[in-house]
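Here is how the chains run, residue by residue.
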Amino acid sequence: MNNQVDTETTPGEVKALSELLQYQDGAIVSSVLLKNKGGTVTLFAFDLGEGLSEHTAPFDALVVVTDGEADIEIAGKNFRVRQGETLILPANRPHAVRAATKFKMVLIMIRA
């Protein structure tokens, strides 16, 4: 299950990233923090074992893990990404995400 949550983010207001989105049992929850013609910044919270099946995106994306651990596969190569670590998902290369623990990530997609 993938749920989208409206998260109120206001320019010039400090918010605790850990409080913007909460885990939900058996689900992936997401909230778009910023969206404009240049790209998007989206916060995700994955319950243990939840994931996104293999897919591609037309733009590079930066994953920033803010809590827990994830297994991310890019074009057949596996990566374990932990809290405080980042990984670039190259444009047009297949990738998949699976929660190794409950985990949260910020996904920054830049349109080129």
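What you are looking at is a predicted structure, and each value in this text was computed from that prediction instead of being measured. (Residues numbered from 1 in each chain as written. Predicted model: local features only at pLDDT ≥ 70, side-chain atom pairs only at ≥ 80, totals over all residues. Heavy atoms only, no water.)

### A short note on the overall build of the chain
- When helices and strands are tallied, the chain shows one helix and ten strands.
- Traced from its N-terminal end to its C-terminal end, the chain shows the element sequence β-α-β-β-β-β-β-β-β-β-β.
- Its C-alpha atoms give the chain a radius of gyration of 13 Å, near enough to 13 Å, the size a compact globule of 112 residues would have.
- Seen along its three principal axes, the alpha-carbon backbone of the chain occupies a region of about 40 × 35 × 25 Å.
- Looking at the 112 residues of the chain, the share that counts as buried comes to 35%. (Helix = DSSP H or I, 4+ residues; strand = E, 2+ residues; numbered from the N terminus. Rg over C-alpha atoms; globule rule 2.2 N^0.38 Å. Buried < 20%, exposed > 50% of the residue type's maximum accessible area, 1.4 Å probe, protein only.)

### Some words on the sheet that holds strand S6 (residues 69–74)
- The four strands lie next to each other as S4-S9-S6-S7, forming an open sheet whose pairing is antiparallel. Every interior strand has two partners, whereas the edge strands, strand S4 (51–55) and strand S7 (77–82), have only one. Neighbouring strand axes in the sheet, compared pairwise and without regard to direction, differ in orientation by 20° on average.
- The pairing of S6 with strand S9 (residues 95–99) spans five bridges and is antiparallel. Within S9, the residue paired with Ile-72 across the bridge is Val-97. (Pairing = 2+ DSSP bridges. Axes fitted to C-alpha atoms, helices over the stretch in contact; angles between N-to-C directions.)

### Details of the pairing of strand S8 (residues 86–89)
- What you see with S8 is a clean split: Leu-87 and Leu-89 sit on the buried side and Thr-86 and Ile-88 on the side with no burial.
- In terms of strand pairing, strand S5 (residues 61–67) meets S8 through four bridges, oriented antiparallel. Following the sheet pairing, Val-64 is matched in S8 by Thr-86.

### Quick notes on the pattern of salt bridges
- Here the structure, examined in full by the defined rule, presents four salt bridges.
- The partner of Glu-13 in a salt bridge is Lys-15, and the shortest N-O contact between them spans 4.0 Å.
- Overall, Glu-13 belongs to the partly exposed group, its relative accessible area being 42%.
- For Lys-15, a relative accessible area of 37% corresponds to the partly exposed category.
- One continuous salt-bridge network, built from bridges that share partners, spans Glu-69, Asp-71, Arg-80 and Arg-82. (Salt bridge = Lys/Arg side-chain N within 4 Å of Asp/Glu carboxyl O.)

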